[in-house]
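# Geometric and topological summary
For reference, the chains in residue letters:
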Amino acid sequence: MRLAFLTSLIPVARPDTGFEIANAAILSALRAAGHEVTAIGFLRPGEVPAEPEQAVVVAEADIENAVVPTAQKLRWLAAAVRLGLPVACAKLRLAGAGRLVEAVRAHGPFDALILNSVMLPGAFPELLRLAPCILVEHNIEHVSAGQNADHAESLLLRRLYRREAGLLERLERRLWDEARFIWTLAEEDRQALGPAYREKSCALPLVSSHGPAAAPPGDLGEAPAFDVGLIGTWTWGSNLIGLEWFLQEVCPLLPDGIRVAIAGRVPPELRTPLNVTLVGRVPSAEHFLHSCRLIALSSRAGTGVQLKTIEAMQLGLPAVATALSCRGFTTLPANFTPADTAADFARAVTERVAAIRAGDRQRIDGAAFMEGQRVALAEGLARGLAVAVA
């Protein structure tokens, strides 16, 4: 089939966020199945598409709140109020007005459009009229916005997030009706759609890389640099809630000698305990994870599947994880410890780190997990396409 993958961020050679890693996994699987897929959307300034010959860059634009000045955020908010859109949709409308829909038409016709989240079709509803559409729900967006409102520290932010949640819920429910098929990234999110959409939806298992799991550092003669590692895009509200919970409630309960590293972009105002090192954006997420004895998966908000969890599982790394971090998985690897209270989480981290330091590395082979994910991903994509173009 000839497909268009419409996305706010076109995949790049070095994916940085869970959203980008998921996009790359879906695109790779579609192309591996023999489909001709053109990615159409936006790029951060200065970046290059991973597959330039199969990408159409509508514009270079910073569309993430964490990297733009306050003046730009206010322009987005003003546009959202004027257009009656969620802010997340308004910013895309401004970036692609007069160009995005025209690019889809110019490079078509397509057998189907894959709408990568509700934001682009929310900004450009005319996309639904160009070809049969499949919607990718990375998260149930209105639920995530509501959670952000619950955790917002100021009245203004709570009101803004409540506005987003209300608009996004109406938008999502309309798109669930209009799309030919819906892909979610967690079975829990698929269930949240409700029984009316059971026959036109499925959950996509994901992988976070295309190659086999690398050998653990002990096999390479390397010693772990840190006891506990966390990685993510912490400027995203739902991720930040889990990181702050770990820093404020779990870290004070850990022994002083446990060394913690946090990789990824963080808000400039984030405060950390003395035993926590901020390593910033790392060249290789896999290498960073291997440099830690134990992975902490501390999600406390958000929907969708956690790419950090998938990475730990397919690399066979030991982890302590909250229940929300393990959404989408009915069973956990033997080297995972579930923990949902700060006391339980700290206790599990302390015990596992002590055992690993004593010589029990607790690493397993993640290759079988990865292969199972790949097979199920291909099956889910094939099912959705068959329904959409029937």
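Refer to the structure printed above.
Reference entry: report on the structure contained in this document.

Reading guide: rules and limits
- Residues numbered from 1 in each chain as written.
- Predicted model: local features only at pLDDT ≥ 70, side-chain atom pairs only at ≥ 80, totals over all residues.
- Heavy atoms only, no water.
- Pairing = 2+ DSSP bridges.
- Helix = DSSP H or I, 4+ residues; strand = E, 2+ residues; numbered from the N terminus.
- Axes fitted to C-alpha atoms, helices over the stretch in contact; angles between N-to-C directions.
- Contact = heavy atoms within 4.5 Å.
- Phe/Tyr/Trp six-rings, centres within 6.5 Å; stacked < 30°, edge-to-face > 60°.
- Buried < 20%, exposed > 50% of the residue type's maximum accessible area, 1.4 Å probe, protein only.
- Right-handed = clockwise from strand over helix to strand, strands pointing away.

### Structural notes on the sheet that holds strand S3 (residues 55-60)
Taken together, seven strands build an open sheet; the order of strands is S3-S2-S1-S4-S5-S6-S7 and the sheet is parallel. Both outer strands of the open sheet, S3 and strand S7 (201-203), are each paired with one neighbouring strand and no more. Shown here is a sheet whose adjacent strand axes are inclined to one another by a mean of 20°, direction ignored. Pairing between strand S5 (residues 133-137) and strand S6 (residues 181-184): four bridges, direction parallel. Looking at the pairing, Leu135 lines up with Ile182 of S6. In the packing of helix H1 (residues 18-32) onto the sheet, the strands contacted are strand S1 (2-7), strand S2 (36-43), strand S4 (112-116) and S5, and the crossing angle to S1 comes to about 180°.

### Some remarks on the packing of aromatic side chains
On inspection of all chains with the given rule, the structure shows three aromatic pairs. Seen in terms of ring centroids, Trp245 and Phe345 are 5.4 Å apart; in terms of plane orientation they differ by 85°. Their pairing is edge-to-face. Here Trp245 is found in helix H9 (residues 237-250), whereas its partner Phe345 is found in helix H12 (residues 342-357), with 100 residues between them in sequence. As far as the burial class goes, Trp245 and Phe345 line up, both buried. With centroids separated by 6.1 Å and ring planes inclined at 80°, the aromatic side chains of Phe246 and Phe345 adopt a geometry described as edge-to-face. Of the two residues, Phe246 sits in helix H9 while Phe345 sits in helix H12, which places them 99 residues apart along the sequence. Phe345 carries the same exposure label as Phe246, and that label is buried. Taken together, the ring pairs connect Trp245, Phe246 and Phe345 into an aromatic cluster.

### A closer look at the pairing of strand S8 (residues 226-231)
The element S8 is extensively covered by neighbouring structure, given that six of its six residues are classed as buried. As judged from the three bridges shared by S8 and strand S11 (residues 292-297), these two strands associate in the parallel manner. Bridge pairing in S11 places Phe226 opposite Cys292. Strand direction decides the pairing type here: S8 and strand S9 (residues 260-263), joined by four bridges, are parallel. Opposite Gly229, over in S9, you have Ala261 as the bridge partner. In the classification by handedness, the crossover that spans S8, the intervening H9 and the parallel S9 is right-handed.

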